[in-house]
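Structure assessment
If you want the building blocks of each chain, they are given just below.
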Amino acid sequence: MIASTGSVARERTWDSFDDNRDAIFRRFKDGSYSPDTGASPDELQRMADAYLLENPDQSRILQKANIFRMVLTHGRIDVDPEDWFAEKIDHGNVLRKLTHGARGDQDFGPGLWLEEAAAGNLKSGTDWFDQAQEHGVTTGPRSGLDLGHISPGWDKLLARGLSGLLDDIAQARASLGDAISKDQDAFYSALEIVYGAAIDFASRLSNFASAAAESQPEHSTKLGAITRALSNVPAHRPRTLHEALQFMWLMHQLIEMEGENVRSMGQFDRTLYPFYRADVGAGRITDDHARELIKFFWHKWYCGTEGAANGKNFVFGGQAADGSEITNDLTYLALDAYEELNTPDPKLSVRYLPGSPERLYDRVADLIRKGHNSFVLMNDETAVEALVKRGKTPEDARIYLPIGCYEPAVEGKEVACTMNVTVNLAKPLELALNDGVDPRTGVRLGPATGDASGFESYDDLHAAYITQLDHVLNNSRQHIAEAEREWPRINPAPFISGAIDDCIATGADISAGGARYNSVGFVGAGLANAADSLFALKAAAFDGARFTMAEIVDATRTDFYGREDMRLYLRNRVPKWGNNEPGVDAVAKGVADHFCATVHSFTNGRGGGCQAALFTLVAAASFGALSGATPDGRKSGESLAPGVGASYGLDIGGVTGLINSVSTLDFTETPNGSVLDVSLHPTAVAGEDGLNAFVGLIKTFFSQGGYAIQFNVLDAETLRDAQRNPEQYASLQVRITGWSVYFTTLTRKEQDQYIARIVHAG
Amino acid sequence: MPDSQSSGKTVIASAREGRVFDFKRFAVHDGPGIRTTVFLKGCPLSCAWCHNPEAIIRGPQIFFRPERCIECLACVDVCPTSAQTVVDNKRVFTRGVCDLSGFCVDVCNSGALELAGRVMSVDEVMEAVRADAGFYDESGGGVTLSGGEPLLQAEFAIALLRACHTAGIHTAVDTCGQLQWSTLEAALPFTEMFLYDLKDMSSENHRANTGVLNDRIIDNLKRLSGTGVPIEIRIVIIPGVNDSDDQIEGAGRFIGGLDNITGVRLLAYHRMAGSKYDALDMKNTLPDVEPPDELRLMAIGKQLEAQGLTVHLPERA
Ligand code: SF4
């Protein structure tokens, strides 16, 4: 079998990726399917509706599995003859409409089962989160239910195929015997249905490709490869690198169709290395071909997101479960492919530990300074320890994946809902200054902590802040736990559950807590604004008595109207987070420590733990828009500080001061991740000196206990020119706390904000 | 350049304290690795193209940037000499009567008024540079003294170098060379590298553009090159001033005859310091020429390389 694939593979004519990338993109987007191939999305929807009517009493996991099968069996399909990979099915989002509805970047509206819960058992929690969101207190998914930042166990899938999982299910059933519960039985049946359906679906695509090859002989090379690959995967172990990539891509699409968001595609250079080696060893592939293939593969991710939404994460380097360092030939080959690809998606992360090769530092730093800024660099020493502290075994912790952006989750063993809630750390201060009432709307959001003008000491103020913060955290915890208990009725996910330990062994879906590790993520955003504001009050109203509390509180309520002198004093004269200033750094650490410790004292609704993170993503802007003026001199509506770093324009102590401040935080207490955004001027990292310094900066951040770091290397002039001539800069990428986007797709306001930050970095 | 603002009491230079006007952190082209460059005030030269005009005189100066001013008049209230006043409902800064008390700077929250050159002790500077020790360690970096001419505040500069040396921090000195040899010699035991500015091989030209002949600079460089300490030569390329083929050839020939030269770093003249001259009310002496273009710089680099030198071109965006 393998020999025959080999001989066929040698006949391949490798037309170049660049010749095909636009056509593949267009076909991915236009989504026209031949009616001959099956039922339309409307027809699928009617079939699904009818199924639910006919089977009202069936458990939801079985309803979902059956509709999953219905879609894959009857939906229209397509194979792009210019592509190496097939996956297309016109599923019309039937399953997501049934369960939890559209993602942010889609427009098909809410999901039936989630809305049912939100109006029913989850009503009070949903109302609470809605109100918190409208006031910039928290942000997060509907009802506080993050349906998983998730990665299936790629190792297990690639090693055994879906038929291997079916064997496991049979064994698990057998060992339970008569002791099997109704829920377990339904779970196993659902898995059998969805895996059978996926295998049959691959055959449909394979047959389609085979027929297409006959009618379009000019495309027979790729169509032939797809035909062969899909007659083997996903049922069985892939035989070649191409089959492995096809397998992963198909799994990704089917898991997302089922309703989970796959947020990491695994440790690329570890998982795929054996396939690559075997191909090279057998003479099936050259490095040039492998690079081309990877470009075709990654292009699919770009087609899906176009750099505009949350991308998918591939991680390189770091360690295997036994602690050995992973970096190999495939690492560098893939990085070369990524450089040639030159798109913001997928997102690449690189893990480092003492002993990572110098070449890996140099290569990645060089890519970043050339403008490929879609990289997150992670510090394994800190990240692994943080996970071990929260109860993971060292072996499991070592194979963490940055999932989504930089939130770690153990591959194939953890359902780490890393984004259940993002908490605005600055808002509780606004509430503490206003006795628990939002000054903008007059709505009471927190407990009455007293008239702030009457606070006699900084301790009084701090205590009020903590009371307000704890109120937000406790409410979030309670309502998230309620939502998790409804999860099995909202979005059971049999297709991915079989690829997550120990769901098959225990007979429980991931929604029912079947995973080895079940986590809930609390993200703290705006640390700089919270710390700077507390410290400004401490310095100006208590220690220094420059202004009274009443004066400052009044000024913040009127957005410093007529008090620009005060605002500038608070902003420019009081030390700020991110400048290696011990006083304010200690306040920031105090806030972070309290936030993390409180979160870690919580258990979640699936029996697991809650995990703290410190970053912002886009919440810096959205929270800022809903927060009044703050005592750090920030005006009403202005963005909060990005990531875990300093407020815009206030890291005047330079990048080393920023890193020194940030490394006073204990990142072994942020198991749910963190990131520092750093902007560097191109001249600072140019030449050999610059590369050496750039690498030194990264290593220092790591050796001082940092967590993750990401860079933008851009000068303001280039960006201004891009504003004037957007078409000439269509490919210019910038990175903003976790997502890399095309600069020209940002709004003018966002562009200006971004430039202000860069000017400062220069 | 007349030293008009530096009265005796404002010029400070001792082994304990000196006048520092800036720190540049994450400095990457001022010697090996990641460095903190400490800028000391005062310079024996007054180069027309100087891009740190606040470095020239030894005493403190006040930057005033009216575009930042919010007219709060706090400066007027505290000014002891009425240098800050209100005339016709407008705030006016009259430098002629300013005694550099700095009180106005202390109350100016907008940043419109800033002090160039504050007195710092050796311990204070050391605390500031030690903060980045982790970066020096990871990158093979350290501290660079620059200016101005850092060795003009000789006792202070040498005390700083000694303190760094004792702390195990790599040291570099960026010098213009217009010094007594004994000063360079005194710095030598604590200096692991020199960055030596070479402006022009023609002594007459040199005087026309910097105020002094280059004899002592050339002589000191020759002596320094015999001591074994590594030296990087720095040449700011100013079109029409020092960039003719003959001038470059002459510089290359001279440098080629020296020992312990690690390389020649070319720096491109730029006019971006104009706003600083304005903020100091100093006459803008920047030559009215465009920065050298990239091709010319590369050609100069090639020419020097052909003379057997290692060349570092300016780092461009
Ligand atoms: S103190 Fe500063 S901001 Fe106020 S009037 Fe004087 S210069 Fe202007």
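It should be noted that the structure appears before, not after, this text.
Definitions and cut-offs
- Residues numbered from 1 in each chain as written.
- Chains lettered and ligands numbered in written order.
- Predicted model: local features only at pLDDT ≥ 70, side-chain atom pairs only at ≥ 80, totals over all residues.
- Heavy atoms only, no water.
- Helix = DSSP H or I, 4+ residues; strand = E, 2+ residues; numbered from the N terminus.
- Rg over C-alpha atoms; globule rule 2.2 N^0.38 Å.
- Buried < 20%, exposed > 50% of the residue type's maximum accessible area, 1.4 Å probe, protein only.
- Contact = heavy atoms within 4.5 Å.
- Areas by Shrake-Rupley, 256 points an atom, 1.4 Å probe, with all protein chains shown as cover.
- Lys, Arg positive; Asp, Glu negative; His and termini not counted.
- Charge placed at Lys NZ, Arg CZ, Asp CG, Glu CD.
- Expected span 1.5 Å × (residues − 1).
- Arc of directions from axis to C-beta.
- Polar contact = N/O pair within 3.5 Å; in protein donor to acceptor, adjacent residues only side chain to side chain.
- Patch = residues over 30% accessible without salt bridge, like charges linked within 9 Å, V, L, I, M, F, W, Y side chains within 5 Å.
- Salt bridge = Lys/Arg side-chain N within 4 Å of Asp/Glu carboxyl O.

When helices and strands are tallied, chain A shows 31 helices and 18 strands. Computed over the C-alpha atoms, the radius of gyration of chain A is 26 Å, within 12% of the 27 Å expected from 2.2 N^0.38 for a compact globule of 762 residues. Considering only C-alpha atoms, chain A reaches an extent of 85 × 65 × 45 Å along its principal axes. Residue burial in chain A is summarised as follows: out of 762 residues, 63% are buried. Relative to all contacts within chain A whose residues are 6 or more apart in sequence, the contacts with residues 24 or more apart total 75%. Total accessible area computed for chain A in this model is approximately 25000 Å², and 49% of it derives from carbon and sulfur atoms. If you average the places of the 71 positive and of the 102 negative side-chain charges in chain A, the two averages end up 0 Å apart.

Let us look at helix H11 (residues 294-306) of chain B. Residues and elements named next belong to chain B. Relative to the 18 Å expected for 13 residues at 1.5 Å per residue, H11 spans 18 Å between its end C-alpha atoms, a close match to the ideal helical length. Among all positions in H11, only Leu297, Ile300, Gly301 and Leu304 are buried. Buried residues of H11, viewed axially, fall in a sector of 100 degrees; they line one side. Projecting away from the buried face of H11 at angles above 90 degrees are the exposed residues Leu295, Lys302 and Ala306. Where H11 is buried, its residues touch strand S11 (231-237), helix H9 (245-256), strand S12 (261-268) and strand S13 (311-312). The N-terminus of H11 is capped by Asp293, whose side-chain oxygen sits 3.1 Å from the backbone nitrogen of Leu295. With its phi angle positive at about 85 degrees, Gly308 sits one or two positions after the end of H11.

Time to look at a nonpolar patch on the surface. A surface patch of nonpolar side chains, amounting to about 280 Å² of accessible area, comprises Leu295, Met298 and Leu313 of chain B. Following the sequence through the fold, Leu313 of chain B ends up in the segment after S13.

Here we take up the environment of Gly111 of chain A. Residue and element names in this part refer to chain A. When you line up the elements, Gly111 lands in the loop between helix H5 (94-98) and helix H6 (112-119). Using a relative accessible area of 1% as the deciding quantity, one classes Gly111 as buried. Contact partners of Gly111, with chain neighbours within four places excluded, come to Arg96, Lys97, Leu98, Thr99, His100 and Gly101.

Our focus in this paragraph is the environment of Pro488 of chain A. All names here are of chain A. Summarising the element assignment, Pro488 is placed in helix H20 (residues 458-490). By relative accessible area, which is 28% here, Pro488 ends up partly exposed. Taking C-alpha positions, Pro488 is 5.7 Å from Ala512, a pair spaced 24 residues apart along the chain. Those residues in contact with Pro488, other than ones at most four positions away along the chain, are Arg60, Ser511 and Ala512.

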